[in-house]
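Coordinates in review
Next come the chains, spelled out residue by residue.
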Amino acid sequence: MHQSILVAGSHGGVGQHVTALLAERDYTPRAMIRDESQREELERLGGEPVVADLTEPSTLERALEGCDAVVFAAGSGGEDVYGVDRDGAINLIDAAGEAGIDRFVMLSSMGADDPDAGPEPLRDYLIAKAEADEYLRHSGRADTIVRPGELTDEPGTGEIRAAEGLELGEDDIPREDVAATLVAAIDCEPVVGETFEILSGENPIPDALEAVGSS
């Protein structure tokens, strides 16, 4: 079982849930933040904050020290999709490799399999996510790529649908359930090497992951 997990994007909507869930489940979440002012909030969630910047590769070695897995839940919010969502992810994938960290769970997005078919305002974001996903697949890391649909702030249900391909726009999913999926994936052997999409559904998250990993 992996124990110390670096959470990139720990202050984001999904990342905060990831940090809290890891702490509740007796992992040690290393909460990566860009701003020292976020430290107290992440400590309240059970994280061990570390200041680092995905766009500054020299800061990542210290962030990864002592970790044995990575959850990438960072996002640019549309402000720098190529610098953060693509290049920042690539920087962290490379740094994890240099640190000897094999397990890497990536938060991606539905639509990243075909960015040109996505909504025009999201085109660059989906391209950036697609290129980061592809880099991870070929990195030699033990990867899992999770692609949720539209995110909401509704309470999580603990139940999802998971498949290689789902219909974009047919449903949404709470951020809390996305976070729970990322956390469950860390030590779920069947989903190592898998890329899959998730939406709200009726299958308990562990069962959904087992099923998608054996399909």
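Before any of the text, the structure's been laid out above.
The following refers to the structure shown. Keep in mind that this is a model prediction, so the values were computed, not measured. (Residues numbered from 1 in each chain as written. Predicted model: local features only at pLDDT ≥ 70, side-chain atom pairs only at ≥ 80, totals over all residues. Heavy atoms only, no water.)

**A closer look at the sheet that holds strand E4 (residues 69–72)**
Put simply, the rule reads: Two strands qualify as a pair provided DSSP detects at least 2 bridges between them. The helix and strand labels rest on DSSP assignments: H or I over at least four residues marks a helix, E over at least two residues marks a strand, and numbering proceeds from the N terminus. Any two residues whose heavy atoms approach within 4.5 Å are treated as being in contact. Comment: axis = line fitted to C-alpha atoms, over the contacting stretch for helices; angle = value between 0 and 180 degrees taken between N-to-C directions.
Pairing is mixed across the open sheet formed by 9 strands, whose spatial order is E3-E2-E1-E4-E5-E6-E10-E8-E11. Because the sheet does not close on itself, it has two edges, and the strands there are strand E3 (48–51) and strand E11 (203–204). This element, helix H5 (residues 123–137), spans E4, strand E5 (103–107), strand E6 (142–148) and strand E10 (194–200) of the sheet and lies at about 155 degrees to E6.

**Concerning the layout of surface pockets**
In plain terms, the rule: Definitions used for this entry: grid spacing 1 Å over protein atoms alone; cavity, a set of points where a 1.4 Å probe fits but cannot get out; pocket, an open set with protein on both sides within 12 Å along at least 5 of 7 lines; lining residue, one with an atom within 4 Å of a point. Grid points are joined across faces, edges and corners, and a volume is the space filled by probe spheres set on the points. Three residue categories are used. Nonpolar comprises Ala, Val, Leu, Ile, Met, Phe, Trp, Tyr, Cys and Pro, charged comprises Asp, Glu, Lys and Arg, and polar comprises the others, including Gly.
Taken as a whole, the largest pocket holds about 990 Å³ of empty space. Taken together, 44 residues make up the lining of the largest pocket; nearest its centre are Ala74, Gly75, Ser76, Gly77 and Asp85. The set of elements that each furnish at least two residues to the lining of the largest pocket consists of helix H1 (13–24), strand E2 (28–33), helix H4 (81–98), H5 and strand E7 (150–152). The element that contributes the greatest number of residues to the lining of the largest pocket is H5, accounting for 4 residues. Classifying every residue of the lining of the largest pocket by side-chain character gives 20 nonpolar, 15 polar and 9 charged.

**Regarding the nonpolar core**
Just so we agree on the cut-off: What is meant by a nonpolar core is a set of buried Ala, Val, Leu, Ile, Met, Phe, Trp, Tyr and Cys residues, joined one to another through side-chain atoms within 4.5 Å. Only protein chains enter the accessibility calculation, which uses a 1.4 Å probe; a residue whose area is less than 20% of its type maximum is buried, one above 50% is exposed, and one in between is partly exposed.
Counting 30 residues, the largest nonpolar core has Val14, Val18, Leu22 and Leu182 as its most contacted members. Elements supplying a minimum of two residues to this core: strand E1 (4–8), H1, E4, E5, helix H6 (175–186), E10 and helix H7 (205–214). Take this core: its biggest share by element is 7 residues, from H6. Apart from residues lying up to four places away in sequence, valine 18 is in contact with Val7, Val71, Ala179, Leu182 and Val183. Counting residues in each nonpolar core, the second largest holds 25 residues, with Ala52, Ala74, Ile101 and Ala132 among its members.

**Points about the side chain of aspartate 143**
Put simply, the rule reads: The positive count covers Lys and Arg only, the negative count covers Asp and Glu only, and His and the chain ends enter neither. A pair is scored as a salt bridge if a Lys or Arg side-chain nitrogen falls within 4 Å of a carboxyl oxygen belonging to Asp or Glu.
In this structure, aspartate 143 sits in strand E6. No salt bridge is formed by the buried aspartate 143; its nearest oppositely charged neighbour, arginine 137, is found at 5.5 Å.

**What about the environment of glycine 156?**
Mapped onto the elements, glycine 156 comes out in the loop between E7 and strand E8 (159–163). By relative accessible area, glycine 156 is classed as partly exposed at 29%. Between the alpha carbons of glycine 156 and serine 200 there is a distance of 9.0 Å; along the sequence they are 44 residues apart. Non-local contacts of glycine 156, meaning those with residues more than four positions away in its chain, are made with Pro174, Glu176 and Asp177.

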